[in-house]
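What follows is each chain in one-letter form.
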Amino acid sequence: MLAHHNTQLVALSPAPSTLAEGATPPWPPPPLRVQPKPPAHYQGTTNAIIIGIGLPLLGAYALYENERAVAMVGFIGGLLAWSFAALRFSQERKTRQNNQAEHVEHVRRAILTWARITDSAIVEQVPNNDGRITHYLLDLHVTPWHPSNPAPRQVPLRLRVPVAHGPHVVPGAYLGVLSDPEAAWVVPQSLLTLQGAQLPL
């Protein structure tokens, strides 16, 4: 596990607004504040299992009611659902293992660096239980900087930020990121505004 730093974020100089596009970020690497998490995996097997239980129960009830044709459909459907569930479970297990191995490789290669925001758009306003908008969901494109691989690589990113931070997530600002130099993989850590203020994410 990477070492987490709960350090206070301070303003940095020079401010991003003074840097030319494509300039090397002049600041020290950002602190690690957000641990990388393995990707979430959709569990589709559950639905097949529910069907695999429900159809035989329906078949048993139909048999009790002397509806043999319906009972046969229920039993055969349940058998097919269980077969499908077994196949899906095997596929999901393999996908989960591949995703986990890929995630481990990303973390092994990753470094803390800065990524310049090149494009930003609000795609959703997120309310709390009272209906008040508290966060924005943003679609971004960022360009991480890597000393070992200076060729620019744009990375698409979906980011959830507090409403107060929204106006600062604009082209020219930076994100402190944990980034894989060899792949389009970043984990945002902080926001560096055009004026040089650092904000937590």
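Given the structure is predicted, the values throughout are model-derived calculations rather than measurements.

Chemist: Before we move on, can you summarise the overall build of the chain with the specific residues and values?
Modeler: Counting secondary structure elements, the chain contains 2 helices and 6 strands. Counted from the first residue to the last, the chain has its helices and strands arranged as α-α-β-β-β-β-β-β. Residue burial in the chain is summarised as follows: out of 201 residues, 36% are buried. When contacts within the chain are restricted to residue pairs at least 6 apart in sequence, those whose partners lie at least 24 apart make up 65%. A total accessible area of about 12,100 Å² is found for the chain, and carbon and sulfur atoms account for 59% of it.

Chemist: Describe the environment of Thr113, and please don't skip the residues or the numbers.
Modeler: Counting through the fold element by element, Thr113 comes out in strand S1 (residues 111-127). Taking the C-alpha atoms as reference points, Thr113 and Ser179, 66 residues apart in sequence, are found 6.9 Å from one another. A distance of 2.5 Å separates a polar atom in the side chain of Thr113 from the backbone oxygen of Trp145.

Chemist: Please give an account of the packing of aromatic side chains that cites residues and values.
Modeler: For the coordinates displayed, the defined rule picks out 2 aromatic pairs. Relative to Trp114, the ring of Trp27 lies with its centre 5.4 Å away and its plane at 70 degrees, an arrangement referred to as edge-to-face. With a gap of 87 residues between them, Trp27 in the segment before helix H1 (45-64) and Trp114 in strand S1 connect regions that are remote in the sequence. There is no split in this pair, since Trp27 and Trp114 are both buried. Clustering of aromatic rings is evident, with ring pairs tying together Trp27, Trp114 and Tyr174.

Criteria and cut-off values
- Residues numbered from 1 in each chain as written.
- Predicted model: local features only at pLDDT ≥ 70, side-chain atom pairs only at ≥ 80, totals over all residues.
- Heavy atoms only, no water.
- Helix = DSSP H or I, 4+ residues; strand = E, 2+ residues; numbered from the N terminus.
- Buried < 20%, exposed > 50% of the residue type's maximum accessible area, 1.4 Å probe, protein only.
- Contact = heavy atoms within 4.5 Å.
- Areas by Shrake-Rupley, 256 points an atom, 1.4 Å probe, with all protein chains shown as cover.
- Polar contact = N/O pair within 3.5 Å; in protein donor to acceptor, adjacent residues only side chain to side chain.
- Phe/Tyr/Trp six-rings, centres within 6.5 Å; stacked < 30°, edge-to-face > 60°.

Everything listed here is a matter of coordinates, which is why it stays silent on function.
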